[in-house]
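# Observations on chain architecture
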Amino acid sequence: MSAGLARARGRPSDDEAHQAALEQALIRAFWQSIGRHPLPVMTALETAARVVGTLYGQVAQAHEGPGGCRCGWVPDPDCDLIVLEANLAAALLQPAPPSLARMAVAGQA
């Protein structure tokens with residue numbers, strides 16, 4: 001089955017599934033850390049933003065020079081920052097998905 005057909009039937013592509021797994025791992029790590037070592041909200045979010053910047057730098061460095069990754073991505077900090085900022089803005093504007101922890105109990109199982 002082609003990737004297009006898989007997505008048309010509601011199954012995420014491998015990339016989408018991998019992105020979702022990474023997103024969940026990062027969210028889980030953030031909340032576990034906050035639970036163990038509470039911080040003021042903006043301090044925690046600023047730290048997370050710095051970590052994204054650090055990760056970008058590490059990945060960019062891994063793509064430099066003759067021994068660098070040959071996947072074809074070429075770091076462009078100016079353009080990449082615009083993309084990262086746009087994704088941050090899109091996430092802020094998107095309504096939060098419903099959380100089972102915040103839903104009212106509707107009955108018994």
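Quick caveat, the model's predicted, so the values are computed rather than measured.

Another aspect to go through is the overall build of the chain. In terms of helices and strands, the chain carries 4 helices and 0 strands. Going from N to C terminus, the chain has its helices and strands arranged as α-α-α-α. Within the span of the chain, comprising 109 residues, buried residues form 8% of the whole.

Take the packing of aromatic side chains next. A complete count under the given rule lists 2 aromatic pairs for this structure. With a centroid separation of 5.3 Å and 90° between ring planes, the pair formed by F30 and W31 is classed as edge-to-face. Taking the relative accessible area as the measure of exposure, W31 reaches 56% and is therefore exposed. Seen from their ring centres, Y56 and W73 are 5.9 Å apart, and the 90° between their planes marks the pair as edge-to-face.

The next thing to look at is a nonpolar patch on the surface. On the surface, a cluster of nonpolar side chains totalling about 310 Å² of accessible area is made up of V41, M42 and L45. Note that M42 resides in helix α3 (residues 41-62).

Along the chain, H63 turns up in the loop between α3 and α4 (77-93). If we skip the residues at most four places from it in the chain, H63 touches G68, C69, C71, W73 and P75.

Here we come to the confidence of the model for the chain. Interpretation of this model should avoid reading the predicted coordinates in detail wherever pLDDT is low. For the chain, per-residue confidence averages 87 on the pLDDT scale, and residues scoring 70 or more make up 84% of the total. Here helix α1 (residues 3-8) stands out as the least confident element of the chain, with mean pLDDT 44; α3 is the most confident, with 97. Low confidence marks residues 1-8, where pLDDT is under 50. Its contacts with residues over four positions away, or in another chain, come to 7 contacts.

Let us now look at the side chain of D80. Looking at the element boundaries, D80 is found in helix α4. Buried charge without a partner: D80 forms no salt bridge, and the closest opposite charge is R70, 15 Å away.

This brings us to the state of the cysteines. The tally for this structure, following the rule as stated, stands at 0 disulfides. Left unpaired, C71 is separated from the closest cysteine sulfur, that of C69, by 3.8 Å.

Conventions used here
- Residues numbered from 1 in each chain as written.
- Predicted model: local features only at pLDDT ≥ 70, side-chain atom pairs only at ≥ 80, totals over all residues.
- Heavy atoms only, no water.
- Helix = DSSP H or I, 4+ residues; strand = E, 2+ residues; numbered from the N terminus.
- Buried < 20%, exposed > 50% of the residue type's maximum accessible area, 1.4 Å probe, protein only.
- Phe/Tyr/Trp six-rings, centres within 6.5 Å; stacked < 30°, edge-to-face > 60°.
- Patch = residues over 30% accessible without salt bridge, like charges linked within 9 Å, V, L, I, M, F, W, Y side chains within 5 Å.
- Areas by Shrake-Rupley, 256 points an atom, 1.4 Å probe, with all protein chains shown as cover.
- Salt bridge = Lys/Arg side-chain N within 4 Å of Asp/Glu carboxyl O.
- Contact = heavy atoms within 4.5 Å.
- pLDDT = per-residue confidence, 0-100.
- Lys, Arg positive; Asp, Glu negative; His and termini not counted.
- Disulfide = S-S within 2.5 Å.

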